[in-house]
Amino acid sequence: MRCAIIADIHANLAALAAVLADIKQKGGVDELWCLGDMVGYGPDPHQCLELLRQLNHVGVVGNHDLAAIGKVETTYFNADAVAAIQWTAKQLTPGDIRYLENLPMKLEMGDFTLVHGSPMEPVWEYLISTGIAARNFAYFSSRFCLVGHTHIPATFKKEKGTCHSIGFSPGIGIVLGEDRMIINPGGVGQPRDGDPRASYAIYDSEGKIMRLYRVPYDIGATQDKMMKAKLPIHLVTRLQEGR
Ligand code: ZN
C-alpha cells in the first residue's frame, strides 16, 4: 500500500493542488494521511476542506483547526495568527465546522500513530529536538509516529535506547526497519525550513520506504488572495521565504 503524508496545509489551495498533482504524477497513492492544521493562515480554508473531503483520506486535528472552530483559546497564538483565525472562522461552512469537529487528536493506522504536535501533547507540543523526541517515544505504542506542527521535515530514531535525528532530505528514501521512529513530512502550505516549496512524504509499505518530496507551486497566486482578504502582511511574505 502507498500513502501520502501531508501536514499543515493551512488553507493554501495552490500548494495542496500542486502536491496532489505531484502525487498523481508519481503513480498515485491508496490513501492520504493528514496531520492537522488544514486551515489557518491561508486564503482558501473552505476550498481546501472541500477538496480534501473528495479524497480517500484520514486526518487528525491541529491547533489552528481547533481555534478556527472556537474549541481552543486564541491567547496561545500570536497577533497575526489570531487575525487569520478570526478571518478563517468567518469562511467556514457548517459542513466545514462539522468536519473539523469530528477530527480525532490521535489516530492509529497499522504501524503508525498520527498526531499534529506530539504523541505526548497532540495539539500543542513542537517536536523540534532529539530531547523532546526522546521522551515522546513512551507516549505511543505503534512502531512509528507521524507528526506535523513545526512545518519542518525531520526524523528521529530510537536506537539502542538513545534518540538521534537522521535527517530527512528530498530524494532520499528512508527504510523503516525495526527501530522506532518519529517522522515529520514538513508543511504543505507554509514550509518553515527555508525552502518555500510545498513539502510532503510518500510511504510505500511494500519496501517500507518513506520518501520526502518538495513541490514548487504558484506562491504568488496564494499571496494575491491573501492580500485581497487583508490577511496580515507577515503571513503573506513568509511564504516566499519559506520561514
Ligand atoms: Zn501548522
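Residues numbered from 1 in each chain as written. Predicted model: local features only at pLDDT ≥ 70, side-chain atom pairs only at ≥ 80, totals over all residues. Heavy atoms only, no water.

> Would you explain the overall build of the protein chain in this entry?
Helices and strands together make up the secondary structure of the protein chain, namely eight helices and twelve strands. In terms of its C-alpha atoms, the protein chain occupies a principal-axis envelope of roughly 50 × 40 × 30 Å. Of all 243 residues assigned to the protein chain, the portion counted as buried reaches 55%. Look at the contacts in the protein chain between residues 6 or more apart in sequence, and 72% of them connect residues 24 or more apart. Entry remark: accessible area of the protein chain is about 10200 Å², with carbon and sulfur atoms responsible for 52%. (Helix = DSSP H or I, 4+ residues; strand = E, 2+ residues; numbered from the N terminus. Buried < 20%, exposed > 50% of the residue type's maximum accessible area, 1.4 Å probe, protein only. Contact = heavy atoms within 4.5 Å. Areas by Shrake-Rupley, 256 points an atom, 1.4 Å probe, with all protein chains shown as cover.)

> Can you walk me through the sheet that holds strand S5 (residues 112–115) in this structure?
Strand pairing in a sheet relies on backbone hydrogen bonds. The paired strands run either parallel or antiparallel. The strand order across the open sheet formed by six strands is S4-S5-S6-S10-S7-S8, and the pairing between neighbours is mixed. At either margin of the open sheet sits one strand with a lone partner, and together these are strand S4 (106–109) and strand S8 (162–165). Strand after strand, the sheet turns through a mean of 20 degrees between neighbouring axes, direction not considered. Of the strand pairs in this sheet, S4 and S5 are connected by four bridges, and their pairing is antiparallel. Residue pairing in the sheet places Leu107 in a bridge with Leu114 of S5. (Pairing = 2+ DSSP bridges. Axes fitted to C-alpha atoms, helices over the stretch in contact; angles between N-to-C directions.)

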